Amino acid sequence: MPEGDTVWRTADRLHRALAGRELLGSDLRWPSLATVDVSGREVLEVVAAGKHILTRLAAGGDDPPLTLHSHLKMEGSWYVERTGDPHGRRSASGIRAVLTTREWSAVGHKLGMLDLVPTEAEHDLVGHLGPDLLGPGWDPAEAQRRLTARPERELGAALLDQRVLAGVGTFYMAEACFLARLTPWSPVADLADPAAFVALLHRLLDVNKHRADQVTTGDLRRGREKFAHARSGLPCLRCGGTVRVAPIGTPPQERTAFYCPGCQRGPTPTDDGRPQRPLGSSGRPTAARSYRTRR
Ligand SMILES: [Zn+2]
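Sequence order as written defines the numbering, with residues in each chain counted from 1. Local features in this predicted model are restricted to residues of pLDDT 70 or higher, and side-chain atom pairs are both shown and tallied only at a pLDDT of 80 or more, whereas totals for entire chains, interfaces and linings draw on every residue. Side-chain descriptors were evaluated using all non-hydrogen atoms of the structure, hydrogens and water having been removed beforehand.

### What about the coordination of the zinc ion?
With water omitted from the atoms examined, metal sites may look incomplete; donors here are N, O and S atoms no farther than 2.8 Å from the metal, or 3.2 Å in the case of Na, K and Ca. Within the protein, C236 (SG), C239 (SG), C260 (SG) and C263 (SG) serve as the donor atoms for the zinc ion, at 2.2 to 2.4 Å. Square planar and octahedral assignments, for four and six donors respectively, both demand that opposite donors be over 155 degrees apart and that all other angles lie between 65 and 115; tetrahedral needs four donors with all angles between 85 and 135 degrees, and anything else is irregular. In this structure, the zinc ion is coordinated by four donor atoms arranged in tetrahedral fashion, with angles at the metal of 97 to 121°. All donors to the zinc ion come from one chain, and their sequence spacing reads C-x2-C-x20-C-x2-C. Placement of C239 in the loop between α6 (194–208) and β9 (244–248) and of C260 in the loop between β10 (255–259) and β11 (268–269) is noted, with a sequence separation of 21 residues between them. What counts as a helix is a DSSP run of H or I of at least four residues, what counts as a strand is a run of E of at least two, and both are numbered from the N terminus.

Next up, the structure:
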């Protein structure tokens, strides 16, 4: 699933192609929008809000300004091609939206969500989101407040919750937990410095927003770009131990979390799905009885 930086880059690309231009055609292949035509309207701007993309359209006659809201979900994408390009991909299967201007056409492929609402009602779609890591009004203090509001919550699950802060997916969740040296199943309360952690998240997305390939290690060499995500079974770049993977969250919202047991302290799932904790310095389990020891 694309993360906040990828969505930001998509919105930026759409904005540069469409903003200030009139739509000469619109083709919304979505059941609830099949009869809607927004051609004739000017595209005012395209912005990202967390993982949501808002394409804002000017008023059309007496009709109010509209916002075309899309979400890429698991495998969606928007691409831009020259209008009339005979080699364009707009005839491919899976197309959900085509917005055409004189020069450029934006093609939405396998979008996970598509809605059209009055711009003044955007809040209904994205108002639940926490502070947007790449938004113009990024508010680290509020992000920290929301993150620490439930100190007992699993850190990884809190990071994936877009109501806490908007833009983090499984990639940045895994990498940020690695950098904080805590497993994703650790309680939020175990963060040594929540403010520094929120700043780290912002920095990770911000440095990657112009890149197609995300890097969290500072090392651009292939295979060394990231510490944990999608590296299960491979040696950890820091300690040489084996990176592991396990589910986090509760079905059907279960997601995948990668971690290094050597570098990250805190609970980890056992084979029977029950969390466990490493031994404390006393040699006894450090937490509640429901946790069993692994070593
Ligand atoms: Zn390690």
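### Section: unusual backbone geometry
Each neighbour pair has its own omega, and for P251 with P252 the value is 0°, a cis peptide bond. Inspection of the secondary structure puts P252 in the loop between β9 and β10. If you check the backbone angles, K73 has positive phi at about 45° while not being a glycine. By the element assignment, K73 lies in the loop between β4 (66–71) and β5 (77–82).

### A few points about the packing of helix α3 (residues 140–148) against α6
Helix packing for two helices is described by the angle between their axes and how far apart those axes are. For the pair α3 and α6, interaxial distance at closest approach is 9 Å and the crossing angle is 115°. Like other packed secondary-structure pairs, α3 and α6 cross with a definite hand, here right-handed. Residues P140, A143, Q144, L147 and T148 of α3 form the contact with α6, whose participating residues are P194, A195, F197 and V198. Here the nonpolar group is Ala, Val, Leu, Ile, Met, Phe, Trp, Tyr, Cys and Pro; Asp, Glu, Lys and Arg are the charged ones; every other residue, Gly included, is treated as polar. Across the contact of α3 with α6, the residue classes break down as seven nonpolar, two polar and no charged. For helices, the fitted line uses only the C-alpha atoms of the stretch in contact; every axis is such a line through C-alpha atoms, and the angle between N-to-C directions lies from 0 to 180 degrees. A clockwise turn of the near helix away from the far one marks a right-handed crossing, whereas an anticlockwise turn of less than a right angle marks a left-handed crossing. We call two residues in contact when some of their heavy atoms are within 4.5 Å.

### Observations regarding the side chain of T216
Mapped onto the elements, T216 comes out in the loop between α6 and β9. Exposure categories follow from relative accessible area, calculated using a 1.4 Å probe and restricted to protein chains: below 20% of the type maximum is buried, above 50% is exposed, and the middle band is partly exposed. Residue T216 is classed as buried on the basis of its relative accessible area, which comes to 10%.

### As for the layout of surface pockets
Each pocket or cavity is described by its volume, and for the largest pocket that value is around 640 Å³. Think of a 1 Å grid over the protein atoms and nothing else: a 1.4 Å probe that fits but is trapped marks a cavity, an open set flanked by protein within 12 Å on at least five of seven lines marks a pocket, and residues with an atom within 4 Å of a point count as lining. As for the largest pocket, its lining consists of 21 residues, of which L160, D161, Q162, Q253 and R255 are closest to the centre. Considered class by class, the residues forming the lining of the largest pocket number six nonpolar, seven polar and eight charged. Looking at the lining of the largest pocket, you find at least three residues from each of domain 1 (4–126) and domain 2 (140–264). Forming the walls of the second largest pocket are 19 residues, and the residues nearest its centre are A48, A49, D132, G135 and P136. Every element with two or more residues in the lining of the second largest pocket is listed here: β2 (43–49) and β3 (52–57). Grid points are joined across faces, edges and corners, and a volume is the space filled by probe spheres set on the points. Residue ranges assigned to each domain were obtained from an automatic or database domain assignment.

### A few points about helix α1 (residues 4–18)
The span you would expect from a helix comes to 1.5 Å times its residue count less one. Spanning 15 residues, α1 covers 21 Å between terminal C-alpha atoms, matching the ideal 21 Å at 1.5 Å per step. Taken from the residues just after α1, G20 is the one with a positive phi, measuring 80°.

### As for the packing of aromatic side chains
Only Phe, Tyr and Trp rings are paired, with Trp represented by its six-membered ring, and only when their centres lie within 6.5 Å; those with planes under 30 degrees apart are stacked, over 60 edge-to-face, the remainder tilted. Summed over all chains, the structure comprises three aromatic pairs. A ring pair is formed by F171 and Y172, whose centres lie 4.8 Å apart and whose planes are at 85°; its orientation type is edge-to-face. Ring geometry for W185 and Y259: centres 5.0 Å apart, planes at 80°, overall edge-to-face. Taken as a pair, W185 in the loop between α5 (170–179) and α6 and Y259 in strand β10 lie far apart in primary sequence, 74 residues in all. Judged by its relative accessible area of 6%, W185 falls in the buried class. In this scheme, Lys NZ or Arg CZ marks a charge over a ring once it lies within 6 Å of the ring centre and within 35 degrees of the ring normal. The lysine or arginine in question, R82, covers the ring of W104, its NZ or CZ lying 4.4 Å from the ring centre. A cation over an aromatic ring shows up here: R238 above the ring of F227, its NZ or CZ 5.5 Å from the ring centre.

### Topic: the sheet that holds strand β8 (residues 113–118)
Only when DSSP finds a minimum of two bridges between them are two strands counted as paired. An order of β2-β3-β4-β8 is seen for the four strands of this open sheet, with the pairing classed as antiparallel. Two strands bound the open sheet, and with one partner strand each, they are β2 and β8. Along the sheet, successive strands turn relative to each other by an average axial angle of 20°, direction set aside. Of the pairings in the sheet, the one linking β4 to β8 comprises six bridges and is antiparallel in character. For T67, the partnering residue across the bridge sits in β8 and is V117.

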